[in-house]
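So the chains spell out like this:
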Amino acid sequence: MCLFAVRVFLGVLLCAPHQCLECPFGCECFAVTRTVKCVSKDLLTVPQSIPGYAKTVIITGNSIHQIGPDSFTDMENVTNIILSNNRITEMASHSFSALINMRFLDLSENQLALIHPKALRIPGGPLQELNLSRSLHNFTALTDLATALRWGDLRGLLRLDLSGNHLALLPPGMFSHLPDLQQLFLANNSLVAVYGGTFSGMNRLELLDLTANVFSTFGADALQELEKLGNIRILLGDNPYTCSCEISHFVAWLNESRAQVDVDAVRCASPGGLSDTQLRGLGVHAIGCVDPVQAEVADLTLQTSYVFLGLVLGFVGMVFLFVLYLNRKGMKKWIIEMRDACRDVLEGYRYRFEIDSDPRLGHSSAENGGSGARGNLGLALPRDTCIVKTHRSNS
């Protein structure tokens, strides 16, 4: 009897790697490890008749474009399923509803474009880890995913990986329906800012990975949102931080925050003079920014200077007016003399203008030449002017 049992056990071990125990066509089944592998077999659908002992199902490198509720029938015992790199573009409603014991789901390296709002809904919410890295095809898929996370009843989800999806922004409250989430990976995306409400409702988060995005700084709203997460580990390295005056609040947050930040990897990317310089401990003068306290003092000093200058000018004006008042008689006499002098000058100009404008004085008489009376006078007399000559008698 014992010999028979040994032979059966050895037969199972030898037969398991080779398509025994109802192993689907094109797959490899391992009874000892309770694993089924269907790797790079050009499968168009999820294989059926998966052995009931299987705990882990690995289906990768195929061409399965769509999955639905009929894709995983009779897989109640499966806890881990890997569906990476299968060119999956669509997930229908309740695609994984038959996997009532699934803890880990890997959908990475796919091309998801259509995700039903209830595609991830599983009775009892057993899913704990979800890998969607490099799997979203476009922004519409992100919107669908946000809806699926809301309606998927994923209250038990502990780990979510959205790395490498070219995400430019995250809808506010996208993760608010994942109250038990502990690890969130958003690395290798195109995130430029964190907005208010992005991480709302994540009271149990322990790790947030924001490395290798395109953050140049973090504004006041973003820093407030990160501070709400409390004493967690936040990875912020490998971002192109611009070390200018606008980054001073972020530097202050790095120096004072309770969060455990990978400060050694948080470095300046520009300008060139500060390239690869750690942000933590960076002084405000190094980034060309004046300390707010010093700026306030300088502004107050400038205002005081303006007030003092105004008082001095006012005093000078009062002295000037007082001097004018004391010398009012002399000023009056000087003004009258100036008025008379200006009037005489103007009268002289007017007289010369009248003489120059009289046509009768513009021509001299040529008939009377010599040293006549008009020549002696040196004036150009009018033609109708009479000149009376007197003769002396010779005695």
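The coordinates are above.
Let me begin by describing the structure that accompanies this report. (Residues numbered from 1 in each chain as written. Predicted model: local features only at pLDDT ≥ 70, side-chain atom pairs only at ≥ 80, totals over all residues. Heavy atoms only, no water.)

Before going further, it helps to examine the overall build of the protein chain. Looking only at helices and strands, one finds seven helices and 16 strands in the protein chain. Taking contacts inside the protein chain between residues at least 6 apart in sequence as the whole, the part at least 24 apart equals 59%. Put simply, the protein chain shows about 23700 Å² of open surface, and 58% of that area lies on carbon and sulfur atoms. (Helix = DSSP H or I, 4+ residues; strand = E, 2+ residues; numbered from the N terminus. Contact = heavy atoms within 4.5 Å. Areas by Shrake-Rupley, 256 points an atom, 1.4 Å probe, with all protein chains shown as cover.)

All right, on to unusual backbone geometry then. Of note, the bond from S270 into P271 is cis; its omega dihedral lies within 30 degrees of zero at -5°. Position of P271 among the secondary structure elements: in the loop between β16 (268-270) and α5 (292-326). Although it is not a glycine, D74 sits at a positive phi angle of roughly 55°. Looking at where D74 falls in the secondary structure, it is placed in the loop between β4 (66-67) and β5 (80-82). For D74, a relative accessible area of 58% corresponds to the exposed category. Within the chain, A212 stands out as a residue other than glycine whose phi angle is a positive 55°. (Buried < 20%, exposed > 50% of the residue type's maximum accessible area, 1.4 Å probe, protein only.)

Counting 85 residues, the largest nonpolar core has F96, L160, F175, L208 and F250 as the members making the most contacts within it. For this core, the element with the most residues is helix α2 (residues 139-151), which contributes six residues. If sequence neighbours within four positions are ignored, F250 has contacts with T217, F218, L223, L236, Y241, V266 and L279. (Core = buried A, V, L, I, M, F, W, Y, C linked by side-chain atoms within 4.5 Å.)

In this section: the pairing of strand β3 (residues 56-60). It is a general feature of regular strands that their side chains alternate between the two faces of the sheet. Where burial is concerned, most of β3 is hidden: five out of the five residues are buried. Side chains T56, I58 and T60 project from β3 onto one buried face, and the interleaved V57 and I59 project onto a second face that is buried too. Where strand β2 (residues 35-39) lies against β3, five bridges are found, and the strand directions are parallel. Note on β3: the bridge partner recorded for V39 is T60. Sheet topology places β3 next to β5; three bridges connect them, and they run parallel. Within β5, the position partnered with T56 by the bridge is N80. (Pairing = 2+ DSSP bridges.)

Below, the discussion takes up the environment of Q48. On the secondary structure map, Q48 appears in the loop between β2 and β3. Look at Q48 and you get partly exposed, because its relative accessible area is 36%. Distance in space between the C-alpha atoms of Q48 and F25 is 9.2 Å, their sequence separation being 23 residues. In this view, Q48 contacts P24, D70, S71 and T73; residues no more than four positions away in its chain are not counted.

Further remarks concern a nonpolar patch on the surface. A cluster of nonpolar side chains, F308, V312, F315, V316, V319 and V323, forms an exposed patch at the surface whose accessible area comes to about 570 Å². Looking at where V316 falls in the secondary structure, it is placed in helix α5. (Patch = residues over 30% accessible without salt bridge, like charges linked within 9 Å, V, L, I, M, F, W, Y side chains within 5 Å. Salt bridge = Lys/Arg side-chain N within 4 Å of Asp/Glu carboxyl O.)

Next up on the list: the sheet that holds strand β6 (residues 90-91). Pairing is parallel across the open sheet formed by three strands, whose spatial order is β4-β6-β8. Lying at the two open borders of the sheet, with one neighbouring strand each, are β4 and β8 (114-115). Here β6 pairs with β8 via two bridges, running parallel. For E90, the partnering residue across the bridge sits in β8 and is L114.

All right, on to the state of the cysteines then. Inspection of every chain in the model, using the stated rule, returns three disulfides. Here C23 connects covalently by a disulfide to C29, the sulfurs 1.9 Å from one another. Around the S-S axis, the bridge from C23 to C29 shows a dihedral of about 85° and counts as right-handed. Per residue, the accessibility class of C23 equals that of C29, and both read buried. (Disulfide = S-S within 2.5 Å.)

Let us now look at the packing of aromatic side chains. Throughout the structure, instances matching the rule amount to seven aromatic pairs. Aromatic side chains F218 and Y241 sit 6.4 Å apart centroid to centroid with 45° between the ring planes, which places their arrangement in the tilted category. Of the two residues, F218 sits in the loop between β12 (207-209) and α3 (220-227) while Y241 sits in strand β14 (residues 241-242), which places them 23 residues apart along the sequence. Of the residues examined, F218 reaches a relative accessible area of 2% and is grouped as buried. Taken together, the aromatic side chains of F215, F218, Y241, F250 and W253 make up a single cluster linked through ring pairs. (Phe/Tyr/Trp six-rings, centres within 6.5 Å; stacked < 30°, edge-to-face > 60°.)

What follows deals with the sheet that holds strand β11 (residues 183-185). The mixed open sheet is built from 11 strands, whose spatial order is β1-β2-β3-β5-β7-β9-β10-β11-β12-β13-β15. Strands with a single pairing partner mark the edges of an open sheet, and in this sheet they are β1 (28-30) and β15 (260-261). Sheet analysis places β11 next to β12, joined by three bridges and oriented parallel. Paired with F185 across the bridge in β12 is D209.

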